[in-house]
Number of protein chains: 2
Amino acid sequence: MAPGRAAGGRARNGVPIRSAAGVKDVAAAAGVSLGTVSNVLNRPELVSTTTRAKVEQAMESLGFVRNESARQLRAGSSRILAYLMLDAGNPFFTDVARGIEDAAREAGLSVFLCNSNEDAGREADYLDLLEQQRVQGVLITPVDPDSSRLTTLPARGTPVVVVDRAIDDGEHCSVAVDDVLGGEVALAHLIELGHTRIAYVGGPTNIGQVTDRRQGARQALERAGLPAGNLVELVTSALTVAEGRGAGQRLAGLPLERRPTAAFCANDLLALGLLQQCVSLGLRVPEDLAIIGYDDIEFAAAAAVPLTSVRQPRQLLGKTAAELLLDESANPDHEHQRVTFTPELVVRTSTRGT
Amino acid sequence: MAPGRAAGGRARNGVPIRSAAGVKDVAAAAGVSLGTVSNVLNRPELVSTTTRAKVEQAMESLGFVRNESARQLRAGSSRILAYLMLDAGNPFFTDVARGIEDAAREAGLSVFLCNSNEDAGREADYLDLLEQQRVQGVLITPVDPDSSRLTTLPARGTPVVVVDRAIDDGEHCSVAVDDVLGGEVALAHLIELGHTRIAYVGGPTNIGQVTDRRQGARQALERAGLPAGNLVELVTSALTVAEGRGAGQRLAGLPLERRPTAAFCANDLLALGLLQQCVSLGLRVPEDLAIIGYDDIEFAAAAAVPLTSVRQPRQLLGKTAAELLLDESANPDHEHQRVTFTPELVVRTSTRGT
DNA sequence: CTCCGTTGCTGAAAGGTTTCAAGGAGATTG
DNA sequence: CAATCTCCTTGAAACCTTTCAGCAACGGAG
């Protein structure tokens with residue numbers, strides 16, 4: 001898989017002088033003062049056209065690069081937002097990120113993406129790092145919504161907005177989609193189709209999305225008057241395609257009389273893996289097993305059997321979150337908000353058949 | 001799709017004091033000098049256990065957060081790498097990113113991800129930003145490999161490693177997979193299956209991956225003694241699923257006698273979109289149209305018709321690139337390298353049939 | 001010819017950290 | 001008891017930029 005490593009050697013080591021041209025050098029070269037150079041950089045309208053031209057020319061020829069650390073240290077503010085995402089490999093989150101980027105760009109800010117990869121330790125490390133960097137604000141889809149950092153950051157002045165999770169501790173805004181409702185809708189759909197023994201595939205159970213959707217599923221079951229035991233839980237150790245395949249293996253291995261006739265997966269990656277595995281083991285979808293996913297990522301519709309899923313307004317989620325963050329850092333009488341969107345069932349072949 | 005926006009208002013505006021506890025305050029609280037606090041932070045082994053405990057306790061109770069801008073300004077070095085990726089929504093690049101993260105983490109560095117989204121302007125903006133931030137190094141899969149920034153950054157002291165593209169201007173290392181070979185292999189496979197009129201789906205044509213793979217395809221065609229005109233180009237405006245669908249629409253609309261019997265797509269996203277559209281328009285894959293993708297992302301195997309693709313060692317690509325970058329910034333007699341991996345054909349149903 | 005308002009430029013101070021030469025306190029040796 | 005040595009700690013200088021009060025020059029109004 002990873003063979004021939006044909007090194008095409010290339011010598012010539014660049015001179016490692018960070019030539020260190022600073023405003024001072026530019027000022028000297030242009031024959032003006034420090035302050036003027038700074039004005040060219042920050043308030044060009046205060047500088048006469050001829051002087052500005054001289055300065056810009058000097059910058060150009062010296063290869064001047066503004067030192068952002070120094071700028072930020074003195075000016076006190078950063079022009080950067082960060083989105084700390086749960087899983088960069090899940091298209092759902094990259095779509096959210098796109099919404100964030102669009103909103104940030106509009107406000108003249110840049111976005112750095114960080115990937116916690118469902119690991120609470122990494123998440124904590126990144127939060128520390130971002131706080132130290134004094135970024136203008138942090139958007140996060142948390143692995144661990146109870147991390148103390150989620151409250152200490154805002155308390156110390158770094159605004160935090162929680163995305164795709166509702167948290168109501170008064171320290172930040174949050175933008176979420178009603179996951180309990182989503183779970184309920186998904187299961188109601190399966191029940192309506194006549195299924196009574198249904199698998200819930202998801203995990204790890206410390207992730208809020210997983211438990212909320214499960215709770216919704218249970219509620220739907222209860223409302224339909226079915227015993228709670230009819231929801232068979234298959235716990236996975238991550239929300240990935242590979243884990244979905246593993247679950248498929250386990251599920252297909254169940255004796256027919258105990259095997260569920262439908263599966264509700266905590267996200268589309270799991271559903272796609274489950275689907276793939278079940279199909280390759282000879283189960284027919286939806287006849288032998290109906291499958292419903294969650295998120296409606298773009299790949300859901302292109303799957304072996306087009307996947308029924310619960311759609312969330314991904315980009316809007318990100319855009320809204322970024323706007324709240326911007327408001328928080330710009331507006332002195334910002335009030336924390338909890339915005340909730342409503343999910344939407346998208347029915348395709350994997351449950352309804354053709 | 002994006003309805004009910006139930007704002008659950010929450011007042012209580014956090015006091016916006018970035019309480020500004022600095023080393024100075026910590027020193028005062030702990031009854032030691034500035035220098036000692038700094039030593040606790042940077043060379044704890046030089047500080048006696050009792051003093052260290054006092055200082056740490058003071059930090060804790062003051063909620064001290066180190067100001068990274070100031071640290072970096074004085075110390076001159078950053079502990080951050082950045083990966084500027086072509087498309088964060090393409091799982092291929094997030095897998096590369098994972099490889100980078102693993103290698104960086106091992107070296108005690110953090111990675112910020114930036115998404116140029118196939119936009120040369122964004123790419124340039126991010127490169128400027130990263131240089132100003134004085135990150136320790138930049139990994140990039142460029143939209144525009146001819147951007148002057150790709151040489152000015154290293155010349156001024158910010159190491160740059162090019163990922164998934166071979167560039168040989170002596171200013172940086174690069175790690176790539178032989179895309180020409182990959183294109184050749186893909187097309188040879190189709191030709192071997194008896195196809196003679198073949199579509200090449202890809203674009204925009206300023207992206208190197210697109211042109212290299214096309215060139216490989218042409219070479220294979222020539223080698224097989226087929227006229228160049230037998231490769232029908234369908235140019236897309238991005239390497240996305242949606243664009244793939246569009247290409248499918250166009251392709252299916254061709255009169256039967258002119259319609260290719262196989263399609264080679266510049267990446268899997270295009271191939272998945274193409275596949276989905278063609279299937280939904282009633283074409284059988286591979287009987288009416290064989291399809292081959294590129295990258296072998298995880299979703300390729302789970303597609304409506306499991307997709308034949310050209311696999312690249314994604315994580316290894318990232319890991320190798322990060323290691324080269326680390327060497328460049330740590331090792332004074334670093335020599336630029338050009339590492340090339342070999343792609344591998346993975347045959348599935350979309351070309352071979354069942 | 002003086003006064004005043006504009007416009008454009010200056011230069012010192014400040015921001016929080018790290019570094020480093022130097023000093024101090026105890027312990028050890030002769 | 002003096003001389004050394006070790007081990008810790010100290011405080012000022014430096015990193016590069018932005019800010020801001022103030023100065024100079026100029027033109028127009030009276």
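The structure this text deals with has already been given above.
Residues numbered from 1 in each chain as written. Chains lettered and ligands numbered in written order. Predicted model: local features only at pLDDT ≥ 70, side-chain atom pairs only at ≥ 80, totals over all residues.

Asker: Explain the overall build of chain A here, please?
Answerer: Across its full length, chain A holds 13 helices and 12 strands. Radius of gyration (C-alpha) of chain A: 26 Å, far over the 20 Å computed for a compact globule of 354 residues. With respect to the principal axes defined by its C-alpha atoms, chain A has extents near 90 × 60 × 35 Å. Nonlocal contacts in chain A, meaning residues at least 24 apart in sequence, comprise 71% of its contacts between residues at least 6 apart. (Helix = DSSP H or I, 4+ residues; strand = E, 2+ residues; numbered from the N terminus. Rg over C-alpha atoms; globule rule 2.2 N^0.38 Å. Contact = placed C-beta atoms within 7 Å.)

Asker: What is the right way to read the protein's contact with DNA strand D from this model?
Answerer: By nearness alone, 27 residues border DNA strand D, and Gly 22 and Ala 70 of chain A together with Ser 33, Gly 35 and Thr 51 of chain B come closest of all. Put simply, the parts of the chain that give the surface near DNA strand D at least two residues each are α1 (23–30), α2 (34–42) and α4 (68–75) of chain A together with α2 (34–42) and α4 (68–75) of chain B. Among the elements that take part in the surface near DNA strand D, α2 of chain A stands out by supplying five residues, more than any other. (Near = placed C-beta within 6 Å.)

Asker: I'm lost on unusual backbone geometry in this one. Help?
Answerer: Apart from glycine, the bulk of residues carry a negative phi angle, and the bulk of peptide bonds sit in the trans form. Backbone torsion omega between Gly 203 of chain B and Pro 204 of chain B reads 0°, so that peptide bond is classified as cis. Within the secondary structure layout, Pro 204 of chain B lies in the loop between β6 (198–202) and α9 (208–223). Between Val 285 of chain B and the following residue, Pro 286 of chain B, the backbone shows a cis peptide bond with an omega angle of 10°. Tracing the backbone shows Pro 286 of chain B in the loop between α11 (268–280) and β9 (290–292). The phi dihedral of Asp 295 of chain A is positive, around 120°, even though this residue is not glycine.

Asker: Mind showing me how you'd approach the packing of helix α1 (residues 23–30) of chain B against α2 of chain B here?
Answerer: Geometry of a packed helix pair, given as the angle between the helix axes and the separation of the axes. Residues and elements named next belong to chain B. Taken N-terminus to C-terminus, the directions of α1 and α2 make an angle of 105°; their axes are 8 Å apart at the nearest point. The orientation of α1 relative to α2 falls into the category roughly perpendicular. Here Val 23, Lys 24, Val 26 and Ala 27 of α1 come into contact with α2, specifically with Leu 34, Thr 36, Val 37 and Ser 38. Looking at the contact of α1 with α2 residue by residue, the class counts come to five nonpolar, two polar and one charged. (Axes fitted to C-alpha atoms, helices over the stretch in contact; angles between N-to-C directions. Parallel < 35°, antiparallel > 145°, perpendicular 65-115°, else oblique. Nonpolar A, V, L, I, M, F, W, Y, C, P; charged D, E, K, R; others polar.)

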